[in-house]
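# Summary of the model geometry
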Amino acid sequence: MKDPQTDSGRSRWQIMDAVTPMVRGTGTALRIPIRASLLFMGLLITGMAQSPISDSVSRGFWALPENLTAVEGATVELKCGVSAPGSAVQWAKDGLLLGPSPGIPGFPRYRMEGDPARVPPKVLQLTPEAGTTVTWVAGQEYEISCVSGDAKPAPDIAFLQIPPGPPVIEWPGLNEGLVRAGQNLELPCTARGGNPPATLQWLKARPCLQNGQPVPIAWGTELTHATARSVLTMTVRPEDHGARISCEAYNSVSVGTQERSITLQVTFPPSAVTILGSVSQSENKNVTLCCLTKSSRPRVLLRWWLGGRQLQPTEETVMDGLHGGHISMSNLTLLVRREDNGLTLTCEAFSEAFTKETFKKSLTLNVKYPAQKLWIEGPQEGQHFRTGTRVRLVCLAIGGNPDPSLTWYKDSRTVMEPRPAQEPRRVQLGNLEKSGSTFSRELVLVLGPPDNKAKFSCKAGQLSASTQIVVLFPPTNLTILANVSVLRPGDPLNLTCVSVSSNPPVNLSWDKEGERLEDMAAPPQNAPFKGSPASRSVFLRVSSRDHGHRVTCRAHSAELRETVSSFYRFNVLYPPEFLGEQVLVVTAVEQGEALLPVSVSANPAPEAFNWTFRGYRLSPAGGPRHRILSNGALQLWNVTRSDDGLYQLHCQNAEGTAEALVRLDVHYAPTIRALQDPTEVDVGGSVDIVCTADANPILPNMFNWERLGEDEEDKSLDDTETMSKGSTGRLRIHHAKLAQAGAYQCIVDNGVAPPARGLVRLVVRFAPQVEHPTPLTKVAAAGDSTSSATLHCRARGVPNIVFTWTKNGVPLDLEDPRYTEHTYHQGGVHSSLLTIANVSAAQDYALFTCTATNLLGSDHTNIQLVSISRPDPPLGLKVVSLTPHSVGLEWKHGFDGGLPQRFHIRYEALETPGFFYVDVLPPQATTFTLTGLQPSTRYRVWLLASNALGDSGLAAEGTQLSITTPGLDQPSGEPDDQLPTEHPAEPPGLPLLPVLFAVGGLLLLSNASCVGVFLWWRKLRHLAEGISEKTEAVSAEDQVRNEYEESQWTGDQDTRSSTVSTTEIEPYYHSLRDFSPQLPPTLEEVDYTQGFTGFEEEDVAFPEHLYDEVERMYAPPGAWGPPYDEVHMGSYDLHWAEDKYEGPGRIYDQVAGDSGPLESDSLPFELRGDLV
């Protein structure tokens, strides 16, 4: 312990050594660290020395004066304690300081007492707190402090230590030290007094050891009111017998150790009882057993029990045991009987010390003895069963220990279930079953031939029982034996059928593919399974047809009603032979596949299949278009017609060779080889259109003909006859008509797609027919020698037509540069355009005649070239629709006078005065709907045509009509009662009449004044130039597109022709602007396929090399449409039929729309009338 340190009344000591339960001296520690509690007591000793006062000490109060109440005249003491020594202390009264002097001057009744430098200790503080319990760990350093404050000078602090009193053990009971094994023992040990408190320790000494050792079990120490208490808790064991338990008490100031001891006397029973020897023995024999116990204190006695009967031991022995105990042993010899089996044999250990416990060992006595009876339950012995019958046998036994093991035997062999199990299981062996004292084991059999007359026995020890079963079964093995192994055609064959065993015996018979054979007996053989054998033989001579066939032997049992059969299959070696079903002709489609099959019979199989075609052998490895299959068949693909022919097949095996011829018939789609295009015939004659095709197969009705046309009438094949022979088909036309001319299509279909199609044109030759719709065709032109006029002449005829022109009956000199002729040919339509340059009224206002001539005849038409004038009246005014408020009108153009014309309508209601005028729009229209009418009203309607020179007037016939509008309740529609006002054309007049009028007009004009003539000529020239410029501005190509559809080459390549459809009828009159020819396209520009209408491209066949000559002469049929259209003209019907007339929209060019209308006021007065 270090010296105390003084600091303002504070003393501190520090303990440097480890704290232990008992302190024997300063710095001394015990062996085992334990939980300890120390009670510290502080003694405050006032030191005599005074330490200097530091300026830093606080000058606070440690004691304050208290309020007092006193009697007047008594002495009163007021106390005040100052914490800091050396402080100047003074009192104040009512705020007046009395001063630090003890005598307090000026106040004789007041004085101060006390030493300002000394303060007695008032507080003592101990850490840890005095009276508390603390736990210290051995080997650790702890600090204890004792603090005393408010004292002057600093006090001295010291600790007082005293030894504890002797320990006392409190034994729980009267008999000290007497315990029983397994008991939980709690021993308290206390020691009173001592500072520090006593440290308690338990020691346990074995009987063979002098010095005790610390108890290696849990114990604890408690400190309460300077008393140490420790409780030892332990479970007593037999080995604790004789052990000495000690409790020691000591502290750090004890001179020696104080001890209290107790010696344990332990009582314990035997831990086990054991019986030595076997309890299994045969009846009427002795069993020797020994019962042995483990050590016990005190000793125990042994006794034997069998069931509820006590047995007398043969010998008893006691020996010393462990831990001061004793071992007991008892021997027993017992004669066992059958009735003792299963009884309990018990060895029991007992003692007065263990009255509440029983110690024993029991065994079950096993007395062995045999079964009393054994028998078999099942069908009667010798009973007959069919093979496959399920039979159940049960072996039963009564009594026996151990349980009898019932074993089944079949003919002295143990019966066991097969492994692996059969499906279905033929033998099922059950387990041993017990019911009371009866034991059984089942044997289930699915009877077979091996079970026939077999002896089934059951044994249990020396006992046994048996039974026998008779099984009926068909032949177990029916075998056919042959005398030879290799057969060839013509070899003899002897077959023997052997039935190895059956019960009952069977009858054998032979048949070959259902045909009964004669047989003979054969020597029998030994039969297994105690059955009966049988055998029969048959003799045959084989051929190649027998290969693969079967000869069957049948074994029949009448009693079993069952037949077993076996067959022998012929294996005859023979060379290849082609069968009757061998295909000799194979049909294939071109570009398809073909399979040439092989139906050959051979044994062994053919080693090779070799195919040859036209002397060349086909590669067995295959090629680009063929393959030889494994069965010898020849497969071809992408078949062509060149593959058609005979194929030779060569088969070979080890026995020989064979050959066959197979024909491949390749079908292919037809192609047209020859087609005469065009085919020509004169009107009224007969002709055959011949179509030659290449096809396979060639069928009788594979030729079909079609006529191409837009209308159903055009497609008719009336008055024609179709015929075919072989690869040639014909379409015969009798009494050819113009209507039959056109394109025909030859269709060849032999069932192989696609059908072949070829186009051919039938040209019907006829004399020229010139178009002359009116008696006199007019063409107007200004006769000022600066304008030009074009005369259009069109005719129909085959062959080509030659045009000639005359003027006033005089042949026209085409060498004159003023005359230019252009001729166009298109099929049967031919056109001649005569252009007159620098038209002169004196020379060219004349009657021109166009004559068309070919080999069959000629025809002509007249065209009058006149001056420009007012238009002619319209033609054919008629009503096309009528409603209560409107009327639909239709008419035809008249001659326009060489100038653009327009139309006006004048109408009046008959009951209402006055006229109404309506302009027709567009100006060139030929139909118009007049609206604003009243229902149920009569009207009169006039139609006028006008141009820049005037109108046509109202007096002309055919330009007016009367109508009556229907009532509101009447249906509207086309009028039935309104007839067209168009009158038939008058017979043609004299052709020189216009010329005479023109000459007369010129004579009248020659008498006019020079000025008038000059002005007239000047104005006329100016007008003609404007008309000519507008005429030339119109594109010739655009104009012809409305009239000429297509063109083709005919004759030599320097001559062109064009065709005009009959639906595009020329107008009655032609002006300078009404016609501009279109040049036909060159041959290179023609797209032949575009000319065909109504057919797919692949449906039309044009042979490339067969028609070269024809194509140079004619374009492909259909490229230009029909060669010509038939024109129906009679001697008195010189105008076109109305249903074929088209409106002027497609006939006239709308020059008026381009140049603008010429008002009549823009012309001089002298030009507002007729020139001639």
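This write-up is about the structure you can find in this document. Keep in mind that what you see is a predicted model, and the values were worked out from it rather than measured.

## Let's talk about the overall build of the chain
When its secondary structure is counted, the chain shows 8 helices and 83 strands. Here the chain holds 1172 residues, and 42% of them are scored as buried. Of the roughly 62700 Å² that the chain leaves accessible, carbon and sulfur atoms contribute 51%.

## Overview of the state of the cysteines
This structure, assessed with the given rule, holds 6 disulfides. The partner cysteine of Cys497 in its disulfide is Cys553, sulfur to sulfur 1.9 Å. Taking the torsion about the S-S bond as the criterion, the Cys497 to Cys553 disulfide, at about -85°, is left-handed. On the criterion of sequence distance, the pair formed by Cys497 in strand 42 (residues 492–502) and Cys553 in strand 47 (residues 550–557) is long-range, its members being 56 residues apart. Exposure remark for Cys497: the relative accessible area of 0% places this residue in the buried category.

## Describing the packing of aromatic side chains
Where two aromatic rings form a pair, the distance of their centres and the angle of their planes describe that pair. Using the criterion set out here, one finds 9 aromatic pairs in the structure. On the basis of an interplanar angle of 85° and a centroid distance of 5.8 Å, the ring pair of Tyr568 and Phe570 is categorised as edge-to-face. Under the relative-accessibility criterion, Tyr568 is labelled buried at 15%. Members of the aromatic cluster, each reached through a chain of ring pairs, are Tyr907, Phe916 and Tyr939. Here the basic side chain of Arg906 rests over the ring of Phe915, its NZ or CZ set 4.1 Å away from the ring centre. Geometry around Trp942 places Arg906 over its ring, the cationic atom sitting 4.3 Å from the centre.

## Comments concerning the pattern of salt bridges
Pairing is possible between side chains of opposite charge, provided their charged atoms come close. Scanning all chains against the criterion turns up 35 salt bridges. Here Lys434 ties to Asp403 by a salt bridge, and the two come within 3.8 Å at their closest N and O atoms. Placement of the pair is Lys434 in strand 37 (residues 433–435) and Asp403 in the loop between strand 33 (390–398) and strand 34 (407–410), with a sequence separation of 31 residues. For Asp403, a relative accessible area of 38% corresponds to the partly exposed category. With a shortest N-O distance of 2.7 Å, Arg765 and Asp682 are connected by a salt bridge. In this pair, Arg765 sits in strand 65 (residues 756–770) while Asp682 sits in strand 59 (residues 679–682), placing the two residues 83 residues apart along the sequence. Note on Asp682: relative accessible area 32%, which makes it partly exposed.

## Notes on the nonpolar core
Judged by nonpolar contacts, the single largest core of 26 residues is most densely connected at Ile689, Cys691, Cys746, Val748 and Leu762. Of all the elements in the fold, those that place two or more residues in this core are strand 58 (656–675), strand 60 (687–696), strand 61 (703–707), strand 63 (728–733), strand 64 (742–748) and strand 65. A total of 6 residues in this core trace back to one element, the largest contributor, which is strand 65. Contact partners of Cys746, with chain neighbours within four places excluded, come to Ile672, Leu675, Cys691, Phe703, Asn704, Trp705, Ala756, Arg757 and Gly758. The next biggest cluster of nonpolar side chains, apart from the first, holds 23 residues, and it includes Ala795, Phe803, Tyr845 and Ile863.

## Brief notes about the pairing of strand 62 (residues 720–725)
Pairing between strand 62 and strand 63: 6 bridges, direction antiparallel. Bridging across to strand 63, Ser724 finds its partner in Gly729. The antiparallel hairpin formed by strand 62 and strand 63 contains 2 residues in its connecting segment, where Gly726 sits at a positive phi of about 65°.

## Some details on a nonpolar patch on the surface
Where nonpolar side chains cluster on the molecular surface, the patch consists of Leu68, Val76 and Leu78 and spans about 270 Å² of accessible area. Locating Leu68 in the fold gives a position in the loop between strand 4 (61–63) and strand 5 (81–82).

## Some points on the environment of Leu463
Positionally, Leu463 belongs in strand 40 (residues 463–472). For Leu463 and Leu374, which are 89 residues apart along the polypeptide, the C-alpha to C-alpha distance reads 6.3 Å. Leaving out residues up to four positions away in the same chain, Leu463 has contacts with Ala371, Gln372, Lys373, Leu374 and Cys458.

## Overview of the side chain of Ser537
Secondary-structure assignment places Ser537 in strand 46 (residues 532–541). Here Ser537 falls in the buried class, since its relative accessible area comes to 7%. A polar atom in the side chain of Ser537 sits 2.9 Å from the side chain of Thr496. Those residues in contact with Ser537 that sit more than four places away from it in its chain are Asn494, Leu495, Thr496, Trp510, Asp519, Met520 and Ala522.

## Describing the sheet that holds strand 74 (residues 875–883)
Taken together, 3 strands build an open sheet; the order of strands is 74-75-78 and the sheet is antiparallel. Each having just a single partner strand, strand 74 and strand 78 (927–931) make up the two edges of the open sheet. Between one strand axis and the next, the sheet turns through 25° on average, direction left out of account. Both strand 74 and strand 75 (residues 886–892) contribute to a ladder of 6 bridges, which runs antiparallel. Note on strand 75: the bridge partner recorded for Lys878 is Glu890.

## Thoughts on the sheet that holds strand 35 (residues 413–414)
Pairing between the strands of a sheet comes from backbone hydrogen bonds, and it takes one of two forms, parallel or antiparallel. Reading across the sheet, the 5 strands line up as 32-40-39-34-35 and stay open at both edges, with mixed pairing between neighbours. At either margin of the open sheet sits one strand with a lone partner, and together these are strand 32 (384–386) and strand 35. Pairing analysis gives 3 bridges linking strand 32 to strand 40, with the strands arranged parallel. The residue bridging Phe385 from the neighbouring strand is Val471, located in strand 40.

## Here's the deal with the environment of Thr75
Within the secondary structure, Thr75 is located in the loop between strand 4 and strand 5. Given a relative accessible area of 79%, Thr75 falls into the exposed group. When the C-alpha atoms of Thr75 and Arg109 are compared, they prove to be 9.8 Å apart, with 34 residues separating the residues in sequence.

## Brief notes about unusual backbone geometry
Of the consecutive residues Asn195 and Pro196, the connecting peptide bond is found in the cis state with omega at 5°. Within the secondary structure layout, Pro196 lies in the loop between strand 13 (184–192) and strand 14 (199–205). Omega for the peptide link from Asn696 to Pro697 comes to 5°, which places this bond in the cis form. Structurally, Pro697 can be placed in the loop between strand 60 and strand 61. Located in the positive-phi region is Ile104, a residue other than glycine, with phi close to 50°. Here Ile104 shows up in the loop between strand 7 (96–97) and strand 8 (123–127). Overall, Ile104 belongs to the buried group, its relative accessible area being 4%.

So, how was this worked out
- Sequence order as written defines the numbering, with residues in each chain counted from 1.
- Per-residue local features of the predicted model are confined to residues with pLDDT of at least 70, and side-chain atom pairs are confined, for both listing and counting, to 80 or more; whole-chain, interface and lining totals are unaffected and use all residues.
- No hydrogens and no water enter the side-chain calculation; it runs on all heavy atoms of the structure.
- The way it works is that DSSP assigns letters per residue, a run of H or I at least four long becomes a helix, a run of E at least two long becomes a strand, and they are numbered from the N terminus.
- Under the scheme applied here, a residue whose accessible area is under 20% of the maximum for its type counts as buried, over 50% as exposed, and between as partly exposed, the area being computed with a 1.4 Å probe on protein chains only.
- Only the protein chains shown count as cover for residues, with accessible areas throughout obtained via the Shrake-Rupley method and a probe of 1.4 Å.
- Cysteine sulfur atoms are paired as a disulfide whenever they come within 2.5 Å of each other.
- What counts as a ring pair is set by centres within 6.5 Å for rings of Phe, Tyr and Trp (its six-membered ring), and what kind of pair is set by the plane angle: stacked under 30 degrees, edge-to-face over 60, tilted for all other angles.
- The rule is short: NZ of Lys or CZ of Arg within 6 Å of the ring centre and within 35 degrees of the ring normal puts a charge over the ring.
- What counts as a salt bridge is simple: a side-chain nitrogen of Lys or Arg found within 4 Å of a carboxyl oxygen of Asp or Glu.
- Definition used in this section: a nonpolar core is a set of buried Ala, Val, Leu, Ile, Met, Phe, Trp, Tyr and Cys residues joined via side-chain atoms within 4.5 Å.
- Only heavy atoms matter for contacts: two residues are in contact if any of them lie within 4.5 Å across the pair.
- The pairing criterion is simple: DSSP has to find at least two bridges between the two strands.
- To count toward a patch, a residue needs a relative accessible area above 30% and no salt bridge. Like charges then connect within 9 Å, nonpolar side chains (Val, Leu, Ile, Met, Phe, Trp, Tyr) within 5 Å.
- By the criterion applied in these results, polar contacts are pairs of N or O atoms within 3.5 Å in which, for protein atoms, one can donate a hydrogen and the other can accept it, and in which residues neighboring in sequence qualify only through two side-chain atoms.
- In this analysis, axes come from line fits to C-alpha atoms, helices being fitted only over the stretch in contact, and the angle between any two N-to-C directions falls in the range 0 to 180 degrees.

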